[in-house]
Amino acid sequence: MIFAGIPIATLLGIFGAAGAAVLVLYILKLRRRVVAVPFSPLWQRILKDKEATSLFSKLKRLLSLLLQLALLAVLVLALGDPRAAESLLKGKSIVVLLDTSASMQATDVDPSVRDRLGAAKDQVKKMIRGLGGADRMLIAQMSATVTPLGPMSGDTSELERMLDHVTPTDTRADFPRALRFAVDSLQKVDNGEIIVVSDGELGPAHDQSGEVKLGDVHCERESDSRFKAQNPNSHPCLSFVRVGASNRNVAVTQFSVRRYPLDKSRYEVMLEVTNTGPEQEEIELSLLGDGTLVDLTKLRLKPGERLPRFYPNLSGASRTLEAKIAPLEGSVDSLPADNHAYALLPERRRAKVLVVTEGNTYLEAALLLDEYLEVTDATPKTYPVKRNAAKYDVIIFDRVTPTDPAPTHALYIDPRGPGSPVKVDEKELKQPGFDKIDRKHPVVRYTALDDVNIAAGHKLTPETGDKALGVSDGTNPILVAGTRKGNKFVAIGFDIRESDLPLRMAWPLLLLNAINWFTDEDSNYLSSFRTGDVWRVPVPGNGASATLKLPTGATQLVPIHEGRAVFLGDRAGFYELAVAADTITTPVPDETPNVTSFAANLLDVDESTIAPLDVLTVDTREAAQPAGSKAGVRREWWIYLLIAAALLTALEWATYHRRLTV
């Protein structure tokens, strides 16, 4: 017998103190009442009867004392939580890693359960109901992160309640992290076991820290010679419960959209569908813009085929795009989570542009190509003072360089003098060219500048942190971009009229790319995030948190760090991020800048490959089958001791009213 609650020495002290108090109460002399009676001979006869029964009265009081001491002993023993030593020593500590990744939403299991996760939860419930009297279990949800549902517990009803709250995610499972969590949870435990309940599509148990080792887990089967003989290649402390049956699935594995730089009312879409199964499948692919059907195509995919689709020159949608696939008759698609993809077009808002020039037809004509530019002209003499110029998104200085720095983002064409954001070499370059181009920068992306002819220009000297986007003769930068006092700038080291650049498509594209870069409407726009990653969404304002509306309609607070909302997303769909209006520092007229919308998608070929695995290998050894526990009466005797105390109380009450113990 072992006391799992209060130690035996403490229990004896409690019983001794309480028992002494009860004994003192019983040995106190009874105080007799003085009662006047009219006839003394009658009471003399009663006193004679009492003397005859005094021994019996003492015996009744002794029985009452013994009942009270027995009741006290039962209550003290219940405080000690007595258990059988054998069952306590043989108890197991089990960590269950329950896979809740996207592949667990596959509907290829028993029709009585909704998906693989439903079947997995049924398996875990069987384990819970089979726990022994001293066994304990910890259930952890395994997705992009590992989330324990509660502490290690032997309370079966509480474990089942926690399990009921498990829901699937649209991410892949981080198996190495989950396995490290399980190993850490079972350190210094003599009889531990890790049980993985999954379809097996978990990838290798390897991360940046290296291979996950299970050496710190010790279990009862390590010393079981019979287990070693039957499972020579299996790890005794790691078990695997497999769920799933089908391997047929078609998924949307790529989906993105962007507007055309010169016509933002039109856009293009690229997507990819993949057949991850072993058989040919026929599907129906739908493309929707703002909820309206844009295109409907029937496709036939060979086993393992990845089919890209490109939709150029589309129009009609202003904000949302969706791609959906559905299997046709005779085909099977077991995983609905990857049949729907989402994307958002960048918002179209008018950018206010101030052009300071003495006249440049090439510049003015290029700015007319974008209907979402609100252009204001000014001469060097009428150039507004700083307080008026600050209301513009972009200022273009054409062969004009003011003394004061630009109060906003600025494009300098042939800058000169001390007001230039970069140092300009006074020595003229004869016939410079773009011999070296930083093609990854948004300003020069999709432009052809290699063969532009320039009559003359000047070398620009960038400062630390600036980017030389175009270099002549390997050492003479003539196109530089950077930041000054929080405002972006682009400097062109030549007069565009002294070149054939305005006669090329590269000129308006270069100009509009620069404006888009200034206003963050560049080709780096991310039409959707990937689930399972930590998202850092730019937000206006300087608040500490924002309210995020999930695709399910629920809302939650997310922190803001350095102007970005930080959130680990695990659901595909459209999101809305709202910040408090009083934290907006630079509101945009006629807009709702406190609400930012974005989309998220699964887009993971490995997670869409849903063929279940029969064997799970970790640390070069295979996972075994769960050992299981014998279901039966859980030996928690304190409950029965409390019942005994209640029965003794009832017995005392009955004997008191029957005048048997008083």
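Residues numbered from 1 in each chain as written. Predicted model: local features only at pLDDT ≥ 70, side-chain atom pairs only at ≥ 80, totals over all residues. Heavy atoms only, no water.

Chemist: I'd like a description of the overall build of the protein, backed by residues and values.
Modeler: Along its length, the protein carries 13 helices and 35 strands. Pairs at least 24 apart in sequence give 72% of the contacts found in the protein among residues at least 6 apart. In the form shown here, the protein has an accessible surface area of approximately 34400 Å², with 54% of it arising from carbon and sulfur atoms. (Helix = DSSP H or I, 4+ residues; strand = E, 2+ residues; numbered from the N terminus. Contact = heavy atoms within 4.5 Å. Areas by Shrake-Rupley, 256 points an atom, 1.4 Å probe, with all protein chains shown as cover.)

Chemist: Quick one: what's the story with the state of the cysteines, residue by residue and with numbers?
Modeler: Summed over the entire model, instances satisfying the criterion amount to one disulfide. The disulfide partner of Cys219 is Cys237, and the gap between their sulfur atoms is 2.3 Å. With the S-S bond torsion at -90 degrees, the cross-link from Cys219 to Cys237 turns out left-handed. With a gap of 18 residues between them, Cys219 in the loop between β8 (210-211) and α8 (225-230) and Cys237 in strand β9 (residues 234-242) connect regions that are remote in the sequence. Looking at Cys219, the relative accessible area reads 9%, which means it is buried. (Disulfide = S-S within 2.5 Å. Buried < 20%, exposed > 50% of the residue type's maximum accessible area, 1.4 Å probe, protein only.)

Chemist: Give a description of the pattern of salt bridges that names residues and reports values.
Modeler: Opposite charge on two side chains permits pairing when their charged atoms draw close. One pass over the full model with this rule turns up 25 salt bridges. A salt bridge links Lys125 to Asp164, with the nearest nitrogen and oxygen atoms 3.3 Å apart. Placement of the pair is Lys125 in helix α5 (residues 116-129) and Asp164 in helix α6 (residues 156-164), with a sequence separation of 39 residues. Across the pair Arg242 and Asp614 runs a salt bridge whose closest N-O atoms are separated by 3.0 Å. (Salt bridge = Lys/Arg side-chain N within 4 Å of Asp/Glu carboxyl O.)

Chemist: So, the packing of α5 against α6: which residues are in play, and what are the values?
Modeler: Where α5 meets α6, the closest approach of the two axes is 10 Å, and the angle between their N-to-C directions is 170 degrees. As summarised for this structure, α5 and α6 are arranged roughly antiparallel, according to the angle between their axes. From α5, Lys121, Val124, Lys125, Ile128 and Arg129 reach across to α6, where they touch Thr156, Leu159, Glu160, Leu163 and Asp164. When its residues are assigned to classes, the contact of α5 with α6 shows four nonpolar, one polar and five charged. (Axes fitted to C-alpha atoms, helices over the stretch in contact; angles between N-to-C directions. Parallel < 35°, antiparallel > 145°, perpendicular 65-115°, else oblique. Nonpolar A, V, L, I, M, F, W, Y, C, P; charged D, E, K, R; others polar.)

Chemist: So what's going on with the sheet that holds strand β12 (residues 281-289)? Which residues, and what values?
Modeler: Strand order in this open sheet of four strands is β13-β12-β15-β16, and the pairing throughout is antiparallel. A strand with exactly one partner marks an edge of an open sheet, and here the two such strands are β13 (292-301) and β16 (340-344). Across the sheet, the mean angle from the axis of one strand to that of its neighbour is 15 degrees, orientation sign disregarded. Of the pairings in the sheet, the one linking strand β15 (residues 320-327) to β16 comprises five bridges and is antiparallel in character. Considered in β16, the bridge of Leu321 is made with Ala343. (Pairing = 2+ DSSP bridges.)

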